[in-house]
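Structure at a glance
Here is how the chains run, residue by residue.
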Amino acid sequence: MAQPTFVGYERITLDLELEPLDELIATLAESSLFSTQKIIVVKNPLFLTGKLTSFKQHELTELENIFAQIDTLDHVVVLKADVAKLDQRRKLLKLVKQHFQVMLTDFKPFVLPQLVDELVGEHDFTIEPTAKKRVAESLQQPN
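Let me begin by describing the structure that accompanies this report. As the structure is a prediction and not an experimental result, all values here were calculated from the model.

Below, the discussion takes up the packing of aromatic side chains. Overall, the coordinates contain three aromatic pairs when judged by the stated rule. Centre to centre, the rings of phenylalanine 47 and phenylalanine 55 are 6.5 Å apart; their planes meet at 55°, and the pair counts as tilted. Like phenylalanine 55, phenylalanine 47 is buried. Aromatic rings pair up to connect Phe47, Phe55, Phe67 and Phe100 into one cluster.

This is how it looks when you write it as structure tokens:
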């Protein structure tokens, strides 16, 4: 069951291992022809890790400015960082912790069905067993 709050949102997925950081910046900053509200899923946000990247300093600064004001945007931004350790020294990570809801997901497979029940129950939804299984399986996937 789709949450009515997000009906009509444009859905965008960016993988920053494959796409440049300026693509994320443009997606966050530009309005869309189709809608003004977006759900932006960012896979592999390498700017939160200690990995050496080709990100330019001006891009990181621009992203910091956007994250500092993320509360004013109508977008839903999901950062999916499938890494063992985030770089706690990064200013961007500090901004994420300050302005985003952070959910750490280092779950064991046997806990996932219970987690799905809890998340669904928080929003007064019901979910069929086959759908619950698919959600739990997708949470186990590295990407």
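Next comes the rest of the account.
Quick look at the pattern of salt bridges now. This model, assessed by the stated rule, comprises one salt bridge. The partner of lysine 91 in a salt bridge is glutamate 64, and the shortest N-O contact between them spans 3.8 Å. Taken as a pair, lysine 91 in helix 3 (residues 91–99) and glutamate 64 in helix 2 (residues 57–68) lie far apart in primary sequence, 27 residues in all.

The subject of this paragraph is the sheet that holds strand 1 (residues 10–15). Strand order across the open sheet formed by three strands is 1-2-3, with parallel pairing between neighbours. Both edges of this open sheet fall to strand 1 and strand 3 (76–80), since each of them pairs with a single strand only. Across the sheet, the mean angle from the axis of one strand to that of its neighbour is 15°, orientation sign disregarded. With six bridges joining them, strand 1 and strand 2 (residues 38–43) adopt parallel strand pairing. By the bridge assignment, glutamate 10 is partnered in strand 2 with lysine 38. Against the sheet, helix 1 (residues 21–29) makes contact with strand 1, strand 2 and strand 3, and its axis sits at roughly 165° relative to strand 2, the strand it touches most.

Turning next to the pairing of strand 2. Bridging between strand 2 and strand 3 involves five bridges; their strand directions are parallel. Within strand 3, the residue paired with isoleucine 39 across the bridge is valine 76.

So, about helix 1. Within the sequence span of helix 1, burial applies to Leu21, Leu24, Ile25, Thr27 and Leu28. Seen end-on, helix 1 carries its buried residues on one side only, within an arc spanning 165°.

Thresholds, definitions, all that
- Within each chain, residue numbers correspond to sequence positions counted from 1 in written order.
- Local features in this predicted model are restricted to residues whose pLDDT is 70 or higher, and side-chain atom pairs enter the listing and the counts only when it is 80 or higher, whereas totals over whole chains, interfaces and linings include all residues.
- Side-chain descriptors were evaluated using all non-hydrogen atoms of the structure, hydrogens and water having been removed beforehand.
- Centres within 6.5 Å make a pair out of two Phe, Tyr or Trp rings, where for Trp the six-membered ring is used; the pair is then stacked when the planes are under 30 degrees apart, edge-to-face when over 60, and tilted otherwise.
- Relative accessibility decides the category of a residue: with a 1.4 Å probe and only protein chains considered, values under 20% of the type maximum give buried, values over 50% give exposed, and everything between is partly exposed.
- Note on definitions: salt bridges are taken to be side-chain nitrogens of Lys or Arg within 4 Å of carboxyl oxygens of Asp or Glu.
- Helix numbering and strand numbering both begin at the N terminus, where a helix is a DSSP run of H or I of at least 4 residues and a strand a DSSP run of E of at least 2.
- Two strands pair if DSSP finds at least two bridges between them.
- For helices, the fitted line uses only the C-alpha atoms of the stretch in contact; every axis is such a line through C-alpha atoms, and the angle between N-to-C directions lies from 0 to 180 degrees.
- It only takes one pair of heavy atoms within 4.5 Å for two residues to be counted as in contact.
- The arc in question is traced by the directions running from the helix axis to the C-beta atoms.

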